[in-house]
Amino acid sequence: MNSGQFSNYQTNSFFDEMFYFDEKTRIKPHYEKVYKRLNGLSADELDAKRSQAVSSFLEHGVTFTVYDDSDGIERVFPFDLIPRVIPKAEWVVVEQGLKQRILALNLFLHDIYHQARILKEGIIPREIVETCPYYRNEIIGFDVPQDIYIHICGSDLIRNEEGTYMVLEDNGRCPSGVSYLLENRAIMKRAFPKTYQSMEVRSVEAYPELLLRTLEHLSPRQSQKPVCVLLSPGVYNSAYFEHTFLARQMGIEIVEGRDLIAIDNYVFMRTTLGLVQVDVIYRRLDDDYIDPLFFKNDSILGVPGLMEAYLKGNVSLANAVGTGLADDKVTYAFVPEMIKFYLGQDPILESVPTYLCWREKDRNYVLENLDKLVVKPANESGGYGMLIGTASTKQERNDFKSRIKQNPREYIAQPIISLSRHPTFCDEGVMGRHIDLRPFILYGEDIEIVPGGLTRVALKKDSLVVNSSQGGGSKDTWVLKN
Amino acid sequence: MLSRVADNLYWMSRFIERAESITRMVEVNQSSSLECMEDSLSEFWDPVLKAICASEIFNERTKIDIGQFLFFGSDFPNSVKNCFLYARENARMVRDQLSVEMWVELNNIYLFFQSGQAEATFLQNPQEFFQKVIRFSLVFQGLSGATIPHDEGWRFMALGTYLERADQTSRMLDTLTFQKHEPTRLDLLAVLRSCVAQTAFRRQYKGELSMTNVADYLLFSRDFPRSIRFSIRCIDENLHSLSGVPSGNFSNEAERLIGSSLAMVNFTDIKIVMSNGLHQTIDDLQRKLINVGQCIFETYVLLPFELQSAEKSTFIQAQSQQQ
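Residues numbered from 1 in each chain as written. Chains lettered and ligands numbered in written order. Predicted model: local features only at pLDDT ≥ 70, side-chain atom pairs only at ≥ 80, totals over all residues. Heavy atoms only, no water.

K.L.:
Tell me about the overall build of chain B, and name the residues and values.
P.N.:
Scanning chain B from terminus to terminus reveals 18 helices and 0 strands. Taking 2.2 N^0.38 as the reference for a compact globule, 323 residues should give roughly 20 Å; the C-alpha atoms of chain B span a radius of gyration of 20 Å, in line with that estimate. In terms of its C-alpha atoms, chain B occupies a principal-axis envelope of roughly 55 × 50 × 40 Å. The buried share among the 323 residues of chain B stands at 56%. (Helix = DSSP H or I, 4+ residues; strand = E, 2+ residues; numbered from the N terminus. Rg over C-alpha atoms; globule rule 2.2 N^0.38 Å. Buried < 20%, exposed > 50% of the residue type's maximum accessible area, 1.4 Å probe, protein only.)

Put into structure tokens, the structure is as follows:
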């Protein structure tokens, strides 16, 4: 029954987003219109649409920077024209699960930096928390504005062999990618206007407004229109495009450390008309870099004196200081316990079973079974420094063995999960490629999630790594109204 | 607006104007150079290189085509390719201030220069290449007039454009004073054409092509948009609209300096200039304009206490990299 663009498509033994897997390959009903439209395209039409998309990204400067890449620092994030479609029923559950999770993580952070009940009751070992590099002694006892720590969260979701949604990790520091979500949508609406309209896709355009409202909610000066700014490390940061994009969409200033100055525990920005007091800083810098007086002496990115102003309550930060603790993949393993402990509920979204090399029993198991597991550093992001057992050499495994023995706290291991696959345009035609999903959760007065998120796709054949820095691309994600 | 943003907008415009001027100048001189013998080519280009302060760097290099050097020389800080690189880098930091159309134009010319396509076009079809670069600059200036509010940021862009333009016109004129011989008809025409002034000049002087008339026109024309007087008046207007202080008064050093330059070009005439020496006059003007640029920076970008501890400011470090 497959003809046209999909004529050579194989689901193999994977969970496929578009096709049922049984004797004959059948299309899932929520993909029918997409399938019809794409399958009918000629190779020329398709090429035209693809090059239109690429040149649109390039012209608008929708680029990211890859570290350690000497030739040309900017690249277009590869974009695939086949949209990922999520039916309403699936999304409702995911949305509830994510809300439950961000609530639990925030309660956890509040608890850790106040009474630490969860440690006292022995549910999470104290040592785990205190050895996390992102745990901040400095804010113990400090009441963050509105009692919210993670205002902007990007949790990565995958689907396993059965199609069950699972959380792979939480990004509670400075998750990026939302600008691609918005740009992808703009491009898809231009490329397939009728298909888009006829499928009744939920809009994502409100994100910048919701984000601004989330930020304004934090202002220490509620009596007047808050002055919010976006603090960026600057033009050489890999996500700089996103910083300018969001600032522009929100109509707030994008600032660098040198644009801000702290005087007598207040923070000001330097304008042509003099100094203007700043209320809320959406910072896209890690804790370590925001204040050279407080954290690191050699950084020029931050604002000397910012932390004092923050601790005095004169300026708010989003996300709060100290949220990196929730990104730690060791902490991740305890999120189901947090949900039970703080909310008295069962987790709606599953987590991936995680072995903590810090525990002797787990460590022994991991060391014995390295070839079947994926080993990840607990506090790295961007897909760096992982070992995928099935694709590793003996030398690499030995290397990881000694690293794990040397520093067990810093490594976790998980069974290798074969992520769901999605039809994707490749050089050889439409092929199945592994995908994940990064929704963006905003926690202000309410918890808001724009429908869907950024679907990332591993463009290399058989690759399970979707990060943009490791050859990943992205797709638009269509959550249906009905 | 943010001080840094004002600074970025100012430099973005300056670099774009600079790229356009250099392109016009090479276009004109390349066609004039066809009239001279191959072994006297370096002599021909010498005044031009001196006027744009490029002769030292160029002379260190042997066997490179002058056009390739001025357009693509990576070690020549003001090569057109570098100008676009800096302009775009400045623009990238202030994208929220530009219209999408402006950004797309600037990004396209940048990508054109980065891709090697520019160099190929320059070698195969120089005319098309010159047109493309000049057209970009004109489109960009048109867009900035027509697609963004004429607010504070726009004023800083105008300051950058006119300071650069006054400087470039003065340099074009200065090539005449670097000639080893009395400027010929060809030399005079080349200068006028580099400033797109040949038609306008003819209309005013009815074909009387002399050194004095050319200098008079480019220095003192009231309404020609590339004359030095016109540019200085625009700088004066924009500075006063930023501060809100009426013209003829001053509230900062930049306003005082530009006001005195304006008085000079308003109330002197070409006879006095020629008897004092054209080069000397141009030199004084250029120095004043550089000071105006510096004073704008000190007034709107630096904080008062940073003037005292200048070496500590990251702004000053960035500033010196730009120049």
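Still more ground to cover, so stick around.
K.L.:
Which residues make up the overall build of chain A, and what are the values?
P.N.:
If you tally the helices and strands in chain A, you get 16 helices and 25 strands. Taking 23 Å as the expected radius of gyration for a compact globule of 482 residues, we find that chain A reaches 23 Å, a close match to that expectation. Taken along the three principal axes of its C-alpha coordinates, chain A extends 70 × 60 × 45 Å. By the burial criterion, 59% of the 482 residues in chain A qualify as buried. Considering only contacts within chain A whose residues lie at least 6 apart along the sequence, 68% involve residues at least 24 apart. About 19700 Å² of surface is accessible on chain A, with carbon and sulfur atoms providing 48% of the total. (Contact = heavy atoms within 4.5 Å. Areas by Shrake-Rupley, 256 points an atom, 1.4 Å probe, with all protein chains shown as cover.)

K.L.:
Now, about the nonpolar core: what can you tell me, with residues and values included?
P.N.:
With 236 residues, the main nonpolar core has Y207 and I281 of chain A together with L70, F113 and F129 of chain B as its most contacted residues. Among the elements that line this core, the one with the most residues is helix α1 (residues 3-33) of chain B, at 12 residues. Each residue touching F129 of chain B, except ones within four places of it in the same chain, is listed here: F71, F72, F112, F113, A118, T121 and F122 of chain B. (Core = buried A, V, L, I, M, F, W, Y, C linked by side-chain atoms within 4.5 Å.)

K.L.:
I'd like a rundown of the side chain of D187 of chain B, residues and numbers included.
P.N.:
Mapped onto the elements, D187 of chain B comes out in helix α10 (residues 185-194). Apart from the residues within four sequence positions on either side, D187 of chain B is in contact with L176, Q179 and H181 of chain B.

K.L.:
Before we move on, can you summarise the interface of chain B and chain A with the specific residues and values?
P.N.:
Between chain B and chain A, the contact holds 28 residues from the first and 26 residues from the second. Counting the contacts that link chain B with chain A gives 2 salt bridges. Taken together, the links from chain B to chain A amount to 11 residue pairs in polar contact (both at pLDDT 80 or more). Elements with a contribution of two residues or more to the side of chain B that touches chain A: α1, α5 (80-92), α6 (100-114), α9 (152-177), α17 (304-308) and α18 (314-322) of chain B. When residues in the side of chain B that touches chain A are grouped by element, the largest group, 6 residues, is from α6 of chain B. Here the side of chain B that touches chain A is composed, by residue class, of 16 nonpolar, 4 polar and 8 charged. (Salt bridge = Lys/Arg side-chain N within 4 Å of Asp/Glu carboxyl O. Polar contact = N/O pair within 3.5 Å; in protein donor to acceptor, adjacent residues only side chain to side chain. Nonpolar A, V, L, I, M, F, W, Y, C, P; charged D, E, K, R; others polar.)

K.L.:
Lay out the sheet that holds strand β14 (residues 316-318) of chain A in plain terms, naming residues and giving numbers.
P.N.:
Residue and element names in this part refer to chain A. Strand order in the open sheet formed by 4 strands is β9-β8-β13-β14, with parallel pairing between adjacent strands. On the outer flanks of this sheet lie β9 (253-255) and β14, each paired with one strand and no other. Across the sheet, the mean angle separating the axes of adjacent strands is 30 degrees when strand polarity is ignored. Strand direction decides the pairing type here: strand β13 (residues 280-283) and β14, joined by 3 bridges, are parallel. Residue pairing for β14: V280 is matched across the bridge by S316. Strand contacts of helix α9 (residues 240-250): β8 (228-231), β9 and β13, with the helix running at about 150 degrees to β9, the strand carrying the most contacts. (Pairing = 2+ DSSP bridges. Axes fitted to C-alpha atoms, helices over the stretch in contact; angles between N-to-C directions.)

K.L.:
I'd like to hear about the pattern of salt bridges, residue by residue, with values.
P.N.:
The tally for this structure, following the rule as stated, stands at 41 salt bridges over all chains. Its salt-bridge partner being E242 of chain A, residue R284 of chain A comes within 3.0 Å of it at the nearest N-O pair. Of this pair, R284 of chain A sits in the loop between β13 and α10 (287-290) while E242 of chain A sits in helix α9, and the two are 42 residues apart along the sequence. Each member of the pair, R284 of chain A together with E242 of chain A, is buried. Residues joined by salt bridges that share partners form a network here, namely E17, E20, R24, R165 and R226 of chain B.

K.L.:
How would you sum up the sheet that holds strand β10 (residues 260-263) of chain A? Please name residues and give values.
P.N.:
All names here are of chain A. Read from one edge to the other, the open sheet built from 3 strands follows the order β10-β11-β12, with strand pairing classed as antiparallel. The sheet is open, and its two borders are formed by β10 and β12 (274-277), each paired with just one other strand. Adjacent strand axes in the sheet meet at a mean angle of 40 degrees, parallel and antiparallel pairs treated alike. Across 4 bridges, strand β11 (residues 266-271) lies against β12 in antiparallel orientation. The residue of β12 that forms the bridge with R270 is L275.

K.L.:
Could you give an account of the packing of α10 of chain B against helix α12 (residues 211-220) of chain B, with specific residues and numbers?
P.N.:
Residue and element names in this part refer to chain B. Between α10 and α12, whose axes approach to 10 Å, the crossing angle comes to 10 degrees. If you check the angle between α10 and α12, you find them roughly parallel. Facing α10, whose interface residues are L188, V191 and L192, α12 presents M211, V214 and L218. Residue classes in the contact of α10 with α12 are distributed as 6 nonpolar, no polar and no charged. (Parallel < 35°, antiparallel > 145°, perpendicular 65-115°, else oblique.)

K.L.:
Let's hear about helix α6 (residues 178-191) of chain A: which residues, and what values?
P.N.:
Residue and element names in this part refer to chain A. Its 14 residues give α6 an end-to-end C-alpha distance of 20 Å, which sits within 8% of 20 Å, the value for a rise of 1.5 Å per residue. Burial of α6 is extensive: 11 of the 14 residues sit out of reach of the surface. Taken together, the buried positions of α6 are V178, S179, Y180, L181, L182, E183, N184, R185, I187, M188 and A191. (Expected span 1.5 Å × (residues − 1).)

K.L.:
Residue-level account of the packing of helix α7 (residues 117-124) of chain B against helix α8 (residues 126-146) of chain B, with values.
P.N.:
All names here are of chain B. The N-to-C vectors of α7 and α8 enclose an angle of 130 degrees; their axes lie 5 Å apart at closest approach. When the axis of α7 is compared with that of α8, the two are oblique. Here α7 contributes A118, T121, F122, L123 and Q124 to the contact with α8, which in turn contributes P126, E128, F129 and F130. In the contact of α7 with α8, the residues fall into 6 nonpolar, 2 polar and 1 charged.

K.L.:
How would you summarise the packing of aromatic side chains if you had to cite specific residues and measurements?
P.N.:
Counted according to the given criterion, the structure contains 46 aromatic pairs over all chains. Of the aromatic side chains, those joined through ring pairs into one cluster are F71, F72, F84, F112, F113, F122, F129, F130, F136 and F140 of chain B. Here the guanidinium or amino end of K28 of chain A rests over the ring plane of Y20 of chain A, the centre of that ring lying 5.7 Å away. Stacked on the ring of F112 of chain B, the Lys or Arg K132 of chain B has its end atom at 4.3 Å from the ring centre. (Phe/Tyr/Trp six-rings, centres within 6.5 Å; stacked < 30°, edge-to-face > 60°. Lys NZ or Arg CZ within 6 Å of the ring centre and 35° of its normal.)

K.L.:
So, a nonpolar patch on the surface: which residues are in play, and what are the values?
P.N.:
Residue and element names in this part refer to chain A. Together, V92, V93 and I348 line one region of the surface with nonpolar side chains, adding up to about 200 Å² of accessible area. Within the fold, V92 resides in helix α3 (residues 88-112). Judged by its relative accessible area of 35%, V92 falls in the partly exposed class. (Patch = residues over 30% accessible without salt bridge, like charges linked within 9 Å, V, L, I, M, F, W, Y side chains within 5 Å.)

K.L.:
Give a detailed account of the side chain of D287 of chain A, specifying residues and quantitative values.
P.N.:
Residue and element names in this part refer to chain A. In this structure, D287 sits in helix α10. Side chain to side chain, D287 and R136 meet in a polar contact 3.2 Å long. Non-local contacts of D287, meaning those with residues more than four positions away in its chain, are made with R136, F295, A320, V321 and G322.

K.L.:
Tell me about the environment of I148 of chain B, and please be specific about residues and values.
P.N.:
Inspection of the secondary structure assignment puts I148 of chain B in the loop between α8 and α9. Apart from residues lying up to four places away in sequence, I148 of chain B is in contact with Q97, L98, S99, M102, L143, W154 and M157 of chain B.

K.L.:
Explain unusual backbone geometry to me, and be specific about the residues and the numbers.
P.N.:
Residue and element names in this part refer to chain A. The omega angle of the peptide bond from A318 to N319 is -5 degrees, so this bond is cis rather than trans. Tracing the backbone shows N319 in the loop between β14 and α12 (324-327). A positive phi angle, near 65 degrees, is found at N265, a position not held by glycine. With respect to the helices and strands, the residue N265 is situated in the loop between β10 and β11. Look at N265 and you get partly exposed, because its relative accessible area is 26%. Backbone geometry places D462, a non-glycine residue, at a positive phi of 65 degrees. Along the chain, the position of D462 falls in the loop between β24 (454-458) and β25 (472-479). The class for D462 is exposed, based on a relative accessible area of 51%.

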